[in-house]
Amino acid sequence: MKKKLQIFFNKMNIFTNTIHEGILFFSCSKWNKYTLIMFLFFILCICLLYLTNRAIKKDIELINSINRIR
């Protein structure tokens, strides 16, 4: 149950980061190195959250396969 809650919160975090990144992208009229760093930071966060979701899902599948063996 906790793992499904983790996946849900990760998906919500991915969604909010994507919205925030879109707002940053469309509202920024002047690009400097700090906005570029923020933009890359949001992309890195979204990628890491996606990878954690995949790892949690693999963990759930592993636990389910062990339960089937019993």
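Above this note sits the structure.
The rules behind the values
Residues numbered from 1 in each chain as written. Predicted model: local features only at pLDDT ≥ 70, side-chain atom pairs only at ≥ 80, totals over all residues. Heavy atoms only, no water. Salt bridge = Lys/Arg side-chain N within 4 Å of Asp/Glu carboxyl O. Helix = DSSP H or I, 4+ residues; strand = E, 2+ residues; numbered from the N terminus. Buried < 20%, exposed > 50% of the residue type's maximum accessible area, 1.4 Å probe, protein only. Expected span 1.5 Å × (residues − 1). Contact = heavy atoms within 4.5 Å. Phe/Tyr/Trp six-rings, centres within 6.5 Å; stacked < 30°, edge-to-face > 60°. Patch = residues over 30% accessible without salt bridge, like charges linked within 9 Å, V, L, I, M, F, W, Y side chains within 5 Å. Areas by Shrake-Rupley, 256 points an atom, 1.4 Å probe, with all protein chains shown as cover.

**Student:** Describe the pattern of salt bridges, with residues and values.
**Tutor:** Inspection of the entire model under this criterion finds 1 salt bridge. A salt bridge links Asp 59 to Lys 3, with the shortest nitrogen-to-oxygen separation between them at 2.9 Å. Note that Asp 59 is positioned in helix α2 (residues 33–69) and Lys 3 in helix α1 (residues 2–27), a separation of 56 residues in sequence. Taking the relative accessible area as the measure of exposure, Asp 59 reaches 28% and is therefore partly exposed. We classify Lys 3 as partly exposed; its relative accessible area is 28%.

**Student:** Quick rundown of α2? Include the residues and the values.
**Tutor:** Between the first and last C-alpha of α2 there are 54 Å, a value that for 37 residues agrees with the 54 Å anticipated at 1.5 Å per step. Those residues of α2 lying buried are Thr 35, Phe 39, Phe 42, Ile 46, Leu 49, Asn 53, Ile 56 and Ile 60. In this fold, the buried residues of α2 make contact with α1.

**Student:** Requested: an account of the side chain of Asn 53, with residues and values cited.
**Tutor:** When you line up the elements, Asn 53 lands in helix α2. A relative accessible area of 5% means that Asn 53 is categorised as buried. In this structure Asn 53 touches Gln 6, Ile 7, Asn 10, Lys 11 and Ile 14, once residues within four positions along its chain are discounted.

**Student:** Can you lay out the packing of aromatic side chains for me, pointing to particular residues and giving the numbers?
**Tutor:** Counting across every chain of the model gives 4 aromatic pairs. Taking 5.2 Å as the distance between ring centres and 80° as the angle between the ring planes, the aromatic pair formed by Phe 25 and Phe 26 counts as edge-to-face. Take Phe 25: its relative accessible area is 40%, and that puts it in the partly exposed class. Residue classification places Phe 26 among the exposed residues on the basis of a relative accessible area of 73%.

**Student:** Explain a nonpolar patch on the surface residue by residue, including any values.
**Tutor:** Together, Leu 5, Phe 8, Phe 9, Met 12, Phe 15, Ile 19 and Ile 23 make up a nonpolar patch on the protein surface, roughly 710 Å² of accessible area in all. Tracing the sequence through the fold places Ile 23 in helix α1. Assessed through its relative accessible area of 51%, Ile 23 is described here as exposed.

So, to be careful, I would describe these as geometric facts and stop short of saying anything about function.
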